[in-house]
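Descriptive analysis of the structure
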Amino acid sequence: MSQQTSDPKIYNKSSNPSITQVMEKEVSRRSVLKGSASLAAFSFLSGLGLSGCSSDSSDDTPVAGGIELGFDSIAGTKIDAVSVPQGYTAQILAPWGTPLNNQANDWDPDGNNTSTDQLNAMGMNHDGMHFFPLKNSATEGLLCINHEYINCDHLHPNGPTSPGDKRPAEEVRKEINAHGISVVHIKLEDDQWQVVKNSDYNRRFTAGTTMAVTGPVAESSLELLKTKYTTEKGDHKLARGTNNNCGNGHTPWGTYLTCEENWPDYFINHGTMDDKQERIGISDSVTRYSWETVDDRQEKETGEFSRFNITEGNNPEEDFRNEAHGFGYIVEIDPYDNKSIATKRTALGRFRHEDCSFGKLTEGQPVVFYSGHDGKFEYIYKFVSEALWNPADANPVDRLTVGAKYMDKGTLYVAQFNEEGKGRWIPLVESTSATPVGGTLGDKIGTLAEILLNAPLAGDLVGATKMDRPEWTAVDPESGTVYVTLTNNDERAQGDASNPRPDNKYGHIVRWNEGASATEFTWDFFLFGSDDSEDAQTNLSGLTASNEFGSPDGLAFDDRGILWVQTDGGEVDSTNDQMLAIVPSRISAPQDGSPAVNTDNQDELRRFFVGPNGCEVTGIAFSADHASLFVNLQHPGNWPPANGTTDATEETPVGFNVRPRSSTVVIRKVDGEPVGV
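Residues numbered from 1 in each chain as written. Predicted model: local features only at pLDDT ≥ 70, side-chain atom pairs only at ≥ 80, totals over all residues. Heavy atoms only, no water.

Here's the deal with the environment of G676
Along the chain, G676 falls in the segment after β31 (663-669). Judged by its relative accessible area of 0%, G676 is buried. Those residues in contact with G676 that lie beyond four places of it in its chain are E68, L69, G70, F71, Y88 and W564. (Helix = DSSP H or I, 4+ residues; strand = E, 2+ residues; numbered from the N terminus. Buried < 20%, exposed > 50% of the residue type's maximum accessible area, 1.4 Å probe, protein only. Contact = heavy atoms within 4.5 Å.)

In structure tokens, the structure reads:
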């Protein structure tokens, strides 16, 4: 989630323990056992190792992997240009407004493109993405790119206009069409990646695109989705659109997963708000862009704009009280089939999904997906499929049918991080006890569909652990260890011996391993962000000027085992947002009480990329041969230069102001060899 769109409000009012309280108890316990609070703190943080075993064991420390980073950490920069290591190039690809077909005019640097142009062009504020090869090629494929939100000042010629209390219909259509997802066909020609204009693969998905809804919310009853806009057609139960698409994922069967994050900010209820709407974050006063204020006489279809007002009227057939029930999900897209309907998988829960990663696959075992709820003191979830993995499903004829097999039936769990590096996955089902209030989730919330519809409230009721803005998850392809970025939390009231920063402004990364049952896991802390000027009580990983960072956000492993870490508004004064790399398998669990990444091994963490002024570095994808690394730059301040250059390292001239364009940047080695090694 972009710092610029972060909702600072805390919606979790539960008394559930936070990760700080868990750590405080563990430090206190170990200080009695070992006689040193500080040693106990660090032993707990990192002595668990990848296996999550205690620091007294040396049998389960990871063995150094065969892959090694092949670049030196670059210096931090604060310029209107991209920085990469020596021997690398960085190419600008598919910036906002790039036409996907002949229905869109070329991008106008004065902002005069129409809503129709925008519907047929790259959206704004690129975020999560994935590369899907065509015919197993490393030089031709499809990029699926999320467009998280918009900057109205840049989208329109002179910013948004608001005559009276009503927004203009054409402006709002353009804004809606700048959100969503782009599927864009790209091809490498003469060492430059190109958009294949007018390709049959090129598609846009926006808040106006009809989508299927599957899983318990759709199967239980149409009552949960019913509005005065059609919600059923043939065999499909339908919703309209997707919004605020932030992080992403993909599946083993070749589909794209886009995650609906800050979607509650787009809805308003002027009537009586219930506890469930308040908990999920629906507003009773203002929406982000006031789309609901457009005069409904300007609508081209029923509820085009008025649907964002979910105030209850006479009955569901005459109002949009249930419109928000169609948002907040993982949406599955088949990028290879331009006739397919994007599908919302409700079994994975409804909340502010940041991203979605699948666990290590084992034949005959369930498929597991992980997702964080990006918000202060929110939760981490996993979904375990009812169906067992069959490797033959990796190459299906009908990808969305396979998606239904593994994603429509299963169990959603929420994480509880306990002492001694142990954790518990709590199933969000009707029979689960609602502690400490008593009864069950069925008693307190209702059916399974209603529990999934209100997953954060269910997490409150079962005692899930409140985390510091869980964002992207990533799974080590070899070990299966799961990592998650906890970006920051400036509402932390006090520090403790294990995390002495009172507001955790730098953030950190947690990792865990699954246990013998679906409800068990073991966990530890992997890496702490910090400015290198901080003292040892804050700079727990011993970071230096060569790799200092804050607010980890985007996170991904490549197939070789390199973990890539991206930052968003990192509180480090010496550099813009950046991307770093590390190979976790090269780091053995330390036995001296220091964090996993510490002063002895922190050189393994290296800065690889720095973005231009004002941007967030987000979104990451790889070609199959790892020779092309795709990274997204969101909301740059004064970049790229308005001279037609495709060189991302070219700096915008001082004193020259441009209309900024979020873009994909492709990083390649000059010699064409794999990136990073």
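What to know about the packing of aromatic side chains
Applying the stated criterion across every chain, the model contains 33 aromatic pairs. When the ring of W253 is compared with that of Y406, the centres are 5.3 Å apart and the planes differ by 20°; the resulting orientation is stacked. Here Y406 lies in helix α8 (residues 399-407) and W253 lies in the loop between β10 (245-250) and β11 (256-260), a separation of 153 residues in the sequence. Looking at W253, the relative accessible area reads 1%, which means it is buried. For the ring pair Y266 and Y289, a centre distance of 5.7 Å and an interplane angle of 55° mean the geometry is tilted. Within this pair, whereas Y266 is found in the loop between β11 and α7 (275-280), its partner Y289 is found in the loop between α7 and β12 (330-333), the two being separated by 23 residues in sequence. Of the residues examined, Y266 reaches a relative accessible area of 2% and is grouped as buried. These aromatic residues form a ring-pair network of at least three members: Y370, F417, W425, W512, F521, W523, F525 and F528. Seen from the ring of F377, K466 lies directly overhead, with NZ or CZ sitting 5.5 Å from the centre. (Phe/Tyr/Trp six-rings, centres within 6.5 Å; stacked < 30°, edge-to-face > 60°. Lys NZ or Arg CZ within 6 Å of the ring centre and 35° of its normal.)

What about the sheet that holds strand β26 (residues 563-567)?
Spatially, the four strands line up as an open sheet ordered β25-β26-β27-β28, and their pairing is antiparallel. At either margin of the open sheet sits one strand with a lone partner, and together these are β25 (552-557) and β28 (606-610). Within this sheet the neighbouring strands show an average axis-to-axis angle of 25°, counted without direction. (Pairing = 2+ DSSP bridges. Axes fitted to C-alpha atoms, helices over the stretch in contact; angles between N-to-C directions.)

Description of unusual backbone geometry
A cis geometry characterises the amide bond from W639 onward to P640, with omega recorded as 0°. Here P640 lies in the loop between β30 (629-634) and β31. Of note in the backbone geometry, S290 takes a positive phi value of approximately 55° without being a glycine. With respect to the helices, strands and loops of the structure, S290 is situated in the loop between α7 and β12.

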